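Next come the chains, spelled out residue by residue.
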Amino acid sequence: MTVSTNLPSFHTPGVEDDRTGLGIETLKRAFFDNLYYVQGKLPNRASTVDYYMALAYTVRDRLLQRWLATEDILTRPEVRIVGYLSAEFLMGPHLGNNLINLDIYAPVKQAIEESGLNLQELIDIEEEPGLGNGGLGRLAACYLDSLASLQIPAIGYGIRYEFGIFDQEIVDGWQVEITDKWLKYGNPWEVARPEEAVEIKFGGYTQPYTDDQGRYRVRWVPGSTVMGIPYDTPITGYNVNTVNTLRLWKAEAPESFDFTAFNQGDYWGAVNDKVVSETISKVLYPNDEQIQGKQLRLQQQFFFVSCSLQDVIRRQLESGRTLDTLHEKFSLQMNDTHPSVAVAELMRLLVDEHMLEWDHAWDITTRTLAYTNHTLLPEALEKWSVSLFGSLLPRHLEIIFEINSRFLDQVRLRYPGDEARLGQLSLIDEGGDRSVRMANLACVGSHAINGVAALHSELLKKTVLHDFYELMPEKFCNVTNGVTPRRWLALSNPRLTALIDRRIGNGWLTHLDRLRELESAADDAGFRHEWRMVKRDIKADLADHIANRTGISVNPDTLFDIQVKRIHEYKRQHLNVLHIVTLYHRLKQNPNQDMAGRTFIFGGKAAPGYDMAKRIIKLITSVGDVVNKDPDVSDRLRVVFLPDYNVTFGQRVYPAAELSEQISLAGLEASGTGNMKFSMNGALTIGTLDGANVEIREEVGAENFFLFGMKTEEVTALRSQGYNPMSYYHSNETLKAVIDLIASGHFSHGDRELFRPLIDNLLYHDPYMLLADYQSYVDCQDQVDRAYRDSENWVRMSILNAARMGKFSSDRSIQDYAQTIWQADAVPIEIEA
Ligand code: GPK
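All figures in this text were calculated on a predicted structure; none of them were measured in a lab. Numbering of residues begins from 1 in every chain and follows the order in which that chain's sequence is written. For this predicted model, a pLDDT threshold of at least 70 governs which residues receive local features, and a threshold of 80 or more governs which side-chain atom pairs are given and counted, while totals over whole chains, interfaces and linings are taken from all residues.

Let's shift gears to the overall build of the protein chain. Helix and strand labels come from DSSP, where a helix needs a run of H or I of at least four residues and a strand needs a run of E of at least two; each type is numbered from the N terminus. Secondary structure assignment for the protein chain yields 34 helices and 27 strands. For the protein chain, whose C-alpha radius of gyration is 28 Å, the value lies close to the compact-globule estimate of 28 Å for 833 residues. Whether a residue is buried, exposed or partly exposed is read from the other C-beta atoms within 10 Å of its own C-beta, which are placed from the backbone; 20 or more gives buried, 12 or fewer gives exposed, and intermediate counts give partly exposed. Evaluated residue by residue, the protein chain yields a buried proportion of 50% over its 833 residues. Excluding contacts between residues fewer than 6 apart, the proportion of contacts in the protein chain whose partners are at least 24 apart in sequence is 76%. Radius of gyration here uses only the C-alpha atoms, and the compact-globule reference equals 2.2 Å multiplied by the residue count raised to the power 0.38. Two residues qualify as being in contact provided that their C-beta atoms, derived from the backbone, are within 7 Å of each other.

Moving on, we come to the pairing of strand E7 (residues 174-178). Pairing between strands is defined by DSSP: at least two bridges between the two strands are required. Note that strand E6 (residues 167-171) and E7 share 5 bridges and pair antiparallel. When the sheet's bridge partners are listed, Glu169 is paired in E7 with Val176. Adjacent in sequence and paired antiparallel, E6 and E7 are bridged by 2 residues, among which Asp172 carries a positive phi angle near 55 degrees.

Taken in spatial order, the 3 strands line up as E16-E18-E17 in an open sheet, and their pairing is antiparallel. The strands lining the two open edges of the sheet, one partner per strand, are strand E16 (383-385) and strand E17 (428-429). Pairing geometry for E16 and strand E18 (residues 435-437), over 3 bridges, is antiparallel. Within the sheet, the bridge partner assigned to Ser385 lies in E18 and is Ser435.

With that out of the way, let us pick up the packing of helix H1 (residues 24-37) against helix H5 (residues 105-114). Interhelical geometry of H1 versus H5 gives an angle of 60 degrees and a closest axis separation of 9 Å. Read as a crossing pair, H1 and H5 show a hand that is right-handed. Across from Ile24, Leu27, Lys28 and Phe31 in H1, the residues of H5 making contact are Pro107, Val108, Gln110, Ala111 and Glu114. For this classification, Asp, Glu, Lys and Arg are treated as charged, while Ala, Val, Leu, Ile, Met, Phe, Trp, Tyr, Cys and Pro are nonpolar and the rest, including Gly, are polar. Each residue belonging to the contact of H1 with H5 can be placed in one class, and the counts come to 6 nonpolar, 1 polar and 2 charged. Angular values range over 0 to 180 degrees, each being the angle between N-to-C directions of two axes fitted as lines to C-alpha atoms, with helices fitted over their stretch in contact. In this scheme, a crossing is called left-handed if the near helix is turned counterclockwise away from the far one by less than a right angle; it is called right-handed if the turn is clockwise.

Domain delimitation follows an automatic or database domain assignment. Annotation of the protein chain at the domain level lists domain 1 (3-22 + 62-92 + 128-480 + 816-831) and domain 2 (504-806). Between domain 1 and domain 2, the C-alpha centre-to-centre distance is 36 Å. Each partner contributes to the interface: domain 1 provides 37 residues, whereas domain 2 provides 30 residues. Elements that contribute at least two residues to the side of domain 1 that touches domain 2 include exactly helix H7 (135-149), E6, E7 and helix H18 (454-462). Each residue belonging to the side of domain 1 that touches domain 2 can be placed in one class, and the counts come to 14 nonpolar, 16 polar and 7 charged.

Another aspect to go through is the site of the ligand. The full set close to the ligand counts 19 residues, and Gly135, Leu136, His374, Thr375 and Ser671 are the nearest of them. In terms of residue class, the shell around the ligand is built from 5 nonpolar, 10 polar and 4 charged. Taken together, domain 1 (3-22 + 62-92 + 128-480 + 816-831) and domain 2 (504-806) each give at least three residues to the shell around the ligand, which thus spans both. By convention here, the C-beta atom is placed from the backbone, and a residue is near a molecule or strand when that atom is within 6 Å of it.

It is worth spelling out the sheet that holds strand E25 (residues 684-687) at this point. If you walk across this open sheet you meet the 6 strands as E23-E22-E21-E24-E25-E26, and the pairing is parallel. The outermost strands of the open sheet, each flanked by one partner alone, are strand E23 (637-641) and strand E26 (706-707). With 2 bridges joining them, E25 and E26 adopt parallel strand pairing. Considered in E26, the bridge of Gly687 is made with Leu707. Running over the sheet, helix H23 (residues 573-589) touches strand E21 (559-564), strand E22 (598-603), E23 and strand E24 (659-662) and is turned about 155 degrees from E23.

To continue, consider H5. Turning to H5, its buried residues are Val108, Ala111 and Ile112. Projected down its long axis, H5 shows its buried positions confined to an angular sector of 95 degrees, all on one face. Of the exposed residues in H5, the ones pointing more than 90 degrees away from its buried face are Ala106, Glu113 and Glu114. Against H1, helix H2 (48-61), helix H4 (95-101) and helix H6 (119-124) lie the buried residues of H5. A positive backbone phi angle near 80 degrees is found at Gly116, which sits one or two residues after H5. Think of the arc as the fan of directions from the helix axis to the C-beta atoms.

This is the structure in structure tokens:
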């Protein structure tokens with residue numbers, strides 16, 4: 001189905017105007033026009049931010065016609081829409097990405113340069129919207145890019161946090177959190193739509209009543225209400241007319257909030273209500289894969305879910321359809337359990353507000369919703385205490401009880417007398433303080449349940465969702481994650497992109513499998529030389545950046561060994577440190593040791609309340625302080641912790657990497673997506689058989705991947721036989737020396753207490769089994785060292801890695817979702833001139 005729109009474009013065909021024209025002179029005029037009329041500045045008074053804003057508006061003007069055309073086709077009853085419900089969207093800066101997707105990078109660059117300015121400087125000044133923690137939020141952003149690029153009508157629904165993920169500073173080697181004021185200069189990419197605001201209820205009580213047809217009904221009398229105001233951001237597809245919408249909700253007080261209070265003279269109380277309402281969308285919870293169980297978090301979840309579902313229902317009705325066919329027009333994907341209260345809210349809207357029968361509403365709900373699980377970590381499985389849930393959402397608790405009672409009746413029929421199984425499957429955890437299990441709610445209320453990599457999806461079926469899998473195997477599937485090559489290659493690595501273009505032509509950015517055509521180039525010495533030179537240049541750029549940001553000088557001719565991701569014990573950044581200390585120890589013992597120089601680069605944020613993760617950062621910076629200053633080793637070893645790792649910085653780091661550290665304990669990293677970004681940019685991976693590493697290795701070939709560590713089954717076996725980390729410490733001389741060196745205070749000015757919590761945890765518990773994997777890791781790193789010194793072969797492997805990454809384009813992931821879960825098709829849009 002191709003649809004045409006003939007919306008007025010307010011521009012005369014054949015005549016370049018300031019809002020749409022792409023001629024260099026037109027672009028310049030438009031840019032200065034926006035600077036003057038929107039930003040209110042003359043060039044002689046304008047700051048870099050002013051110029052950035054003027055350029056952002058100039059680019060926005062050039063996508064508006066397509067954006068409105070896409071909005072317009074959503075109203076057609078036959079057009080199916082994907083709604084992606086996510087508490088996080090880690091979008092990264094928009095300007096550069098939109099220049100790429102609109103294919104106007106070159107003319108804009110020329111226009112800006114002819115205006116005496118530097119395009120990169122304007123791109124670099126954008127404050128990135130950090131509305132997510134890490135992998136899960138960034139995945140949502142890559143998926144929006146692919147949905148638009150594949151011309152699938154879609155809306156991303158989330159929260160417009162006023163403060164996103166905190167900015168990280170490193171003070172005396174420790175992480176310090178700074179508020180992220182990303183909206184401080186205004187946001188040129190968003191458009192507020194207050195006319196589409198919705199009302200959200202909280203608290204209060206429920207009341208049964210009989211309707212005029214004598215049917216039993218329930219009415220929810222809320223204790224308070226807030227308004228949800230939508231803010232829309234255009235999501236451009238690559239070289240297509242589709243421009244989808246990211247709709248983020250801001251919480252505000254209802255307009256009438258102040259009347260009673262004002263009349264009673266309670267001005268402060270009235271204004272305070274407004275403040276309280278607005279807290280809901282104030283700040284992103286900065287915990288990754290760790291629940292906090294705070295009331296405000298549940299309020300945030302319900303807030304954006306209810307706003308989004310009301311928006312979906314309005315669109316359904318406005319398209320001329322009834323709610324009976326909601327599932328035919330909409331497919332709603334729940335990004336983890338954060339939006340899973342949608343199951344109960346959609347039931348409430350259909351049954352209580354739109355008067356559908358329960359069974360009918362349940363059929364629509366389960367056909368509309370689908371659930372993606374992103375982790376097996378028990379501490380990330382969301383649960384809400386029944387009392388908290390009931391006080392905030394009394395009607396939803398009743399609905400969940402009703403869903404549960406009907407569900408458990410079916411389970412009893414299927415497994416008579418199996419009380420243990422019933423207890424596992426129940427939506428309510430009856431142990432101790434009773435709680436609502438959000439993953440169970442999501443499973444029961446969805447028609448599809450997927451994990452994010454093949455191994456993860458298998459483990460889900462075997463472990464955390466085993467009972468659900470036995471009961472409803474047909475719901476389970478896998479969709480391996482992917483990343484967008486537009487941002488992670490074209491935008492972040494223009495030099496490599498140009499080199500690839502020269503070799504295989506263009507078109508591969510939307511058909512990433514075509515990178516296979518580079519395989520033959522791996523055997524071409526000339527091409528290898530060019531590849532190496534590109535990498536070398538980018539490493540030099542990163543080295544400059546590191547010197548500017550940290551004062552540490554690093555040698556671009558050393559092996560750039562990089563681990564960037566959230567700091568978490570299961571990701572084992574401290575295993576990487578044990579290797580660094582091993583090399584340090586070796587070099588101190590034998591200064592003439594033959595080895596390639598290495599620069600270890602780390603980046604990542606720790607949850608503010610996660611002491612162990614913060615101490616890992618302090619360990620990295622402390623080891624760095626000693627190593628970088630020691631003349632015996634610092635010609636071959638450097639250790640850098642780069643503060644404030646975010647999307648913007650990722651764009652610098654992936655292209656410069658040669659070795660990608662993906663070293664989680666097998667079975668714990670659901671997928672990983674950084675692993676894909678590294679490989680696409682020609683880094684080799686050292687990794688365990690975990691998450692998508694398994695599939696990356698399959699694609700690039702075992703000979704082009706550095707594998708180490710226990711497999712999932714070995715981890716399980718070792719754990720069940722009783723894991724004793726101390727035995728590894730006592731039987732491995734080097735490991736003992738390395739741990740003793742850290743414990744002795746060598747890296748902490750003699751302080752033996754600083755790292756004791758980390759060391760004791762490793763020696764006495766080691767839940768992530770670093771000590772068991774240590775030797776295998778060090779041996780594998782020695783193999784890396786030898787391989788790196790055969791530089792021709794290294795470059796060959798690097799090219800082959802990039803060439804074989806086609807599978808990990810998020811376009812492939814979205815096609816999988818579209819075919820197996822959403823039944824969504826491309827709707828190419830033709831715009832009449
Ligand atoms: C998983 F459960 C969660 C979470 O709360 N936050 C988060 O970033 C990540 N994730 C996984 O840890 C990664 O393995 C995975 O690639 C990513 O989600 C996207 O699926």
